[in-house]
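Examining the three-dimensional arrangement
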Amino acid sequence: MKKIFALLLAVLMVVSLAACGADVPADNDAANGELIMGTNAAFPPYEYYDEDGETIIGIDAEIAKAVADKLGMSLTIKDMEFDSLLTAVQSGAVDIVFAGLTVTDERKESVDFSITYATGIQVIIVKDGSEIASVDDLAGKTIGVQAGTTGDIYCTDEFGQENVKQYTNGALAVAALENDQVDCVVIDNEPAKAFVAANEGLKILETEYAVEDYAAAISKDNAELTEKVNAAMEELKADGTIDDILAKYIKAE
Ligand code: ARG
């Protein structure tokens, strides 16, 4: 009986200790708080799910983690639709967007951008044997895009809404190409390479549709964070960390 009581007491103590522990702020890396990053994790190699189907990995996830580490913050990544990312950062639902996000003048009206960390190129994916050979052949064709991306914006402007089909992510646009629901897909070059590698019978045209800069987006109300993030990113550029992360995911041809 005594033994059982002692055991019970021990269990109780452990449980109450654990409960106390939960109230104590994490000492180490989260000392300056949590950095909440918004992204759309269907964009390899910038952001995508690891084989476990739970962890978001990729260039942006690693750069964001390195930035958070420098600022003594913990990183939390939220996966959402691409076209709700800027609203999310404006409303404060997330602190920062890392999403292979292209800097554009129009977006600059609603958010602030960090310094740039990579170059993106809008390319055209077609089926082998397609009659589309360059940008000039796109007129009158049905173009698949990821909704809200620069590929979507440029194609809609240039070829008209009626010729552009929007999908929630690049993989769905590519699936539509395979099923002949669209004639081509306009998307950033690195995800394009990943999608073409994963699907037979597709190719990327040599012709480049647009060359762009990627940067993180932060709310205009959070100039302090933009300044801190830029300082961290400058250091990560200077010490080679960003180059290493890019090289890890993008193999030189
Ligand atoms: N660079 C393009 C843009 O900013 C596409 C980015 C898509 N990113 C993503 N994580 N799905 O519009």
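Right, let's walk through the structure included here. (Residues numbered from 1 in each chain as written. Predicted model: local features only at pLDDT ≥ 70, side-chain atom pairs only at ≥ 80, totals over all residues. Heavy atoms only, no water.)

**Some words on the site of the ligand**
Within the structure, the ligand sits among 15 residues, and Ala99, Gly100, Thr102, Thr150 and Asp188 are positioned closest to it. The separation between a nitrogen atom of the ligand and a polar side-chain atom of Glu47 is 3.0 Å. At 2.8 Å from a nitrogen atom of the ligand is found a main-chain nitrogen or oxygen belonging to Gly100. The protein chains hide 100% of the 350 Å² of surface that the ligand would expose on its own. With respect to the detected pockets, the ligand is housed in the largest cavity. Residue composition of the shell around the ligand, by class: five nonpolar, six polar and four charged. (Near = heavy atom within 4 Å. Polar contact = N/O pair within 3.5 Å; in protein donor to acceptor, adjacent residues only side chain to side chain. Areas by Shrake-Rupley, 256 points an atom, 1.4 Å probe, with all protein chains shown as cover. 1 Å grid on protein atoms, 1.4 Å probe; cavity = no way out; pocket = protein on both sides within 12 Å on 5 of 7 lines; lining within 4 Å. Sits in = over half its atoms within 2 Å of the grid points. Nonpolar A, V, L, I, M, F, W, Y, C, P; charged D, E, K, R; others polar.)

**Examining the environment of Ala133**
Residue position: Ala133 is located in the loop between strand E6 (112–127) and strand E7 (143–146). Along the sequence, Ala133 and Thr207 sit 74 residues apart, while their C-alpha atoms lie 8.0 Å from each other. If we skip the residues at most four places from it in the chain, Ala133 touches Leu205 and Thr207. (Helix = DSSP H or I, 4+ residues; strand = E, 2+ residues; numbered from the N terminus. Contact = heavy atoms within 4.5 Å.)

**What to know about unusual backbone geometry**
With an omega of 0 degrees, the peptide bond between Pro44 and Pro45 qualifies as cis. Here Pro45 lies in the loop between strand E1 (34–39) and strand E2 (48–49). Of note in the backbone geometry, Asp180 takes a positive phi value of approximately 60 degrees without being a glycine. Locating Asp180 in the fold gives a position in the loop between helix H6 (170–178) and strand E9 (184–188).

**Some points on the side chain of Asn163**
The topology assignment puts Asn163 in the loop between helix H5 (150–159) and strand E8 (164–167). A distance of 2.7 Å separates the side chain of Asn163 from the backbone oxygen of Phe159, its partner in a polar contact.

**Digging into the packing of helix H2 (residues 59–70) against helix H9 (residues 241–249)**
Interaxial distance between H2 and H9 falls to 9 Å at its minimum, and their mutual angle equals 160 degrees. The angle between H2 and H9 places the two elements in the roughly antiparallel class. Our pair here, H2 against H9, has a crossing hand that is right-handed. Between H2 and H9, the residues in contact are Ile59, Glu62, Ile63 and Ala66 and Thr241, Ile242, Ile245, Leu246, Lys248 and Tyr249, respectively. Considering only residue class, the contact of H2 with H9 consists of seven nonpolar, one polar and two charged. (Axes fitted to C-alpha atoms, helices over the stretch in contact; angles between N-to-C directions. Parallel < 35°, antiparallel > 145°, perpendicular 65-115°, else oblique. Left-handed = near helix turned anticlockwise from the far one by under 90°.)

**Focus on the layout of surface pockets**
Considering only enclosed or pocket space, the largest pocket measures out at about 270 Å³ in volume. Counting only elements with at least two residues in the lining of the largest pocket, the list comes to helix H3 (85–91), helix H4 (105–108) and H5. Residues of the lining of the largest pocket, tallied by class, amount to six nonpolar, six polar and four charged. (Points joined across faces, edges and corners; volume = space filled by probe spheres on them.)

**Considering helix H8 (residues 223–238)**
The first and last C-alpha atoms of H8 sit 22 Å apart over 16 residues, in line with the 22 Å expected at 1.5 Å per residue. Listed in full, the buried residues belonging to H8 are Leu225, Thr226, Val229, Asn230, Ala232, Met233 and Leu236. Buried residues along H8 sit against E1, H2, strand E5 (96–97), E6, strand E11 (210–218) and H9. (Expected span 1.5 Å × (residues − 1). Buried < 20%, exposed > 50% of the residue type's maximum accessible area, 1.4 Å probe, protein only.)

By themselves, these observations are geometric and do not establish any function.
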